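# Geometric and topological summary
One-letter residues, chain by chain:
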Amino acid sequence: MLINANRSTSITLTSNWIYVAKLGKVKYLDISRARQLFPMLRTHVYLNNASTSPCPTPVRSAMAEAMEKWTTDAHVYESWMDNLQETKALFSELIGAKKEEIAGITNTSTGLSIVANMLPYKKGSNVVINDMEFPANTYPWLNLKRRGVEVRVVKNVGGRIRLKDLEEAVDDHTAALSISHVEFSNGFRNDLKAISEIVHRHGATFVVDAIQSAGALEIDVRRQGVDFLATSFHKWLLGPEGTGFLYVREELIDEFDPWATGWLAVENPEDFDSMNLNFSKTAQKFETGTHNLLGYVGAKAALEIFHDIGMSDVERRILDLSGRLLEELEGLKVDIVTTKEERYRSGIVNFKVPEVDRVLEGLARRNIVVSKRTGGIRVSPHFFNVEDELQQLCRAVKELSE
Ligand SMILES: Cc1ncc(COP(=O)(O)O)c(C=O)c1O
């Protein structure tokens, strides 16, 4: 267990402990023990969770055990199918949804493509995206141009997507607005609830790419008015590649039909003689065929870590670390691209330095793992990172920039 209750009464964050007051009790996340779950941290300052996360040992063990079972157990498939259902349940709890609203998908792009392709478009229909989206949430919508759909691209202003610009772009002919909860490059956090109100006022569908927030920030799809949400596991959610989920608001399951289908999409997938296409009443309707079941074994083990710690504590820790990093960067000669305004912040910080490639090479030589996005250095700490690592990064950037 990473959590112990009733340990102390102080509420503070240091590099080793996080104390959180909850329901009158105090619990703490033992960061030193949490770090033991990530062997990679012994050799690397890993600050690249917006790209892919290091594999936690419970994920490795669960998958290794499943691999072993695969070689000996003739019925391993059944237990893996049960595991998928359990993984859906854990994920649905994490985002304030029901298990029946979750479909298994291989990645975010697929989830967004499923949605883009099944919405009804009429002559004159438009969809709204913006110019800060990752291609996973751009191409599925641009692909609709061939069908005569107008794609409206809202321009960012100083790295922000402004509500008033979205409001101007959406009208009664808008079929959907699709946006990232957190923008991949500078970490700008979009206000999902406020955007959903704009979208729904015009009867349009609200679609969210949550890959940069799921596992980092709290999500509540009901409260935030989300209609569809897609994510994969390999970033903040600490799971394997090739596993993901699509949330479909339950009222929409019956309303939309999938553009691609397969044997798993129906009410009774084991009725192999059926010649009737009876779609499932759950979001399984949007699945096709065999899943990456071994991957979901890892995904479930990863979700258990988040449930153990609690998503609000994970978010608090990540925002604290990214906030500290912003403060540290203030003292350096760098151009901070990410906003410092609390409500728009996330786990991603981006800053620009002269000769960025030379600085990145120097960081890589020091085993400090970050990435380059839109010409800047993107840093993305997770709950297991500590302030000392942020300071190491800043010292290295200072030395390399001199
Ligand atoms: C915002 C965003 N969406 C989607 C993806 C990836 O999508 P997929 O899960 O399809 O690989 C990324 C990063 O790789 C991303 O940053």
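### Focus on the site of the ligand
In the region of the ligand, 13 residues are neighbours, and T108, S109, D209, S232 and K235 sit closest. Between an oxygen atom of the ligand and a side-chain N or O atom of S109, the distance comes to 2.5 Å. At 2.6 Å from a nitrogen atom of the ligand is found a side-chain nitrogen or oxygen belonging to D209. Its free accessible area being 400 Å², the ligand has 88% of it covered by the protein chains. Tallied by class, the residues present in the shell around the ligand amount to four nonpolar, seven polar and two charged.

### Examining a nonpolar patch on the surface
On the surface, Y77, W263 and F272 cluster together into a nonpolar patch covering about 350 Å² of accessible area. Within the secondary structure layout, Y77 lies in helix α3 (residues 76-95).

### Thoughts on the packing of aromatic side chains
In total, this model carries 13 aromatic pairs according to the counting rule given. Ring plane angle 75° and centroid distance 5.6 Å describe the contact between F233 and F245, whose orientation is recorded as edge-to-face. Separated by 12 residues along the polypeptide, F233 in the loop between β10 (228-232) and β11 (244-248) and F245 in strand β11 bring together distant segments of the chain. The same class applies to F233 as to F245, namely buried.

### Comments concerning the pattern of salt bridges
Applying the stated criterion across every chain yields a total of 25 salt bridges. Residues K398 and E402 are paired through a salt bridge, measuring 3.8 Å at the closest nitrogen-oxygen approach. Taken together, the salt bridges that share partners define one network made up of E101, R222, D227, R249 and E251.

### Structural notes on the domain arrangement of the chain
Assigned domains of the chain: these are domain 1 (1-36), domain 2 (38-55 + 310-401) and domain 3 (64-307). Listed per partner, the contact involves 33 residues of domain 2 and 24 residues of domain 3. Taken as a group, M311, E315 and Y344 account for 26% of the area that domain 2 buries against domain 3, more than any other trio of residues on that side. Between the two partners, domain 2 and domain 3, sit two salt bridges. D191 serves as the salt-bridge partner of R343, at 3.9 Å between the closest nitrogen and oxygen. Our enumeration of links across domain 2 and domain 3 arrives at 17 residue pairs in polar contact (both at pLDDT 80 or more). Among the elements that line the side of domain 2 that touches domain 3, the one with the most residues is helix α10 (residues 311-330), at six residues.

Parameters and conventions
- Residues numbered from 1 in each chain as written.
- Predicted model: local features only at pLDDT ≥ 70, side-chain atom pairs only at ≥ 80, totals over all residues.
- Heavy atoms only, no water.
- Near = heavy atom within 4 Å.
- Polar contact = N/O pair within 3.5 Å; in protein donor to acceptor, adjacent residues only side chain to side chain.
- Areas by Shrake-Rupley, 256 points an atom, 1.4 Å probe, with all protein chains shown as cover.
- Nonpolar A, V, L, I, M, F, W, Y, C, P; charged D, E, K, R; others polar.
- Patch = residues over 30% accessible without salt bridge, like charges linked within 9 Å, V, L, I, M, F, W, Y side chains within 5 Å.
- Salt bridge = Lys/Arg side-chain N within 4 Å of Asp/Glu carboxyl O.
- Helix = DSSP H or I, 4+ residues; strand = E, 2+ residues; numbered from the N terminus.
- Phe/Tyr/Trp six-rings, centres within 6.5 Å; stacked < 30°, edge-to-face > 60°.
- Buried < 20%, exposed > 50% of the residue type's maximum accessible area, 1.4 Å probe, protein only.
- Domains from an automatic or database assignment.
- Contact = heavy atoms within 4.5 Å.
- Buried area = accessible area lost by both parts, 1.4 Å probe.

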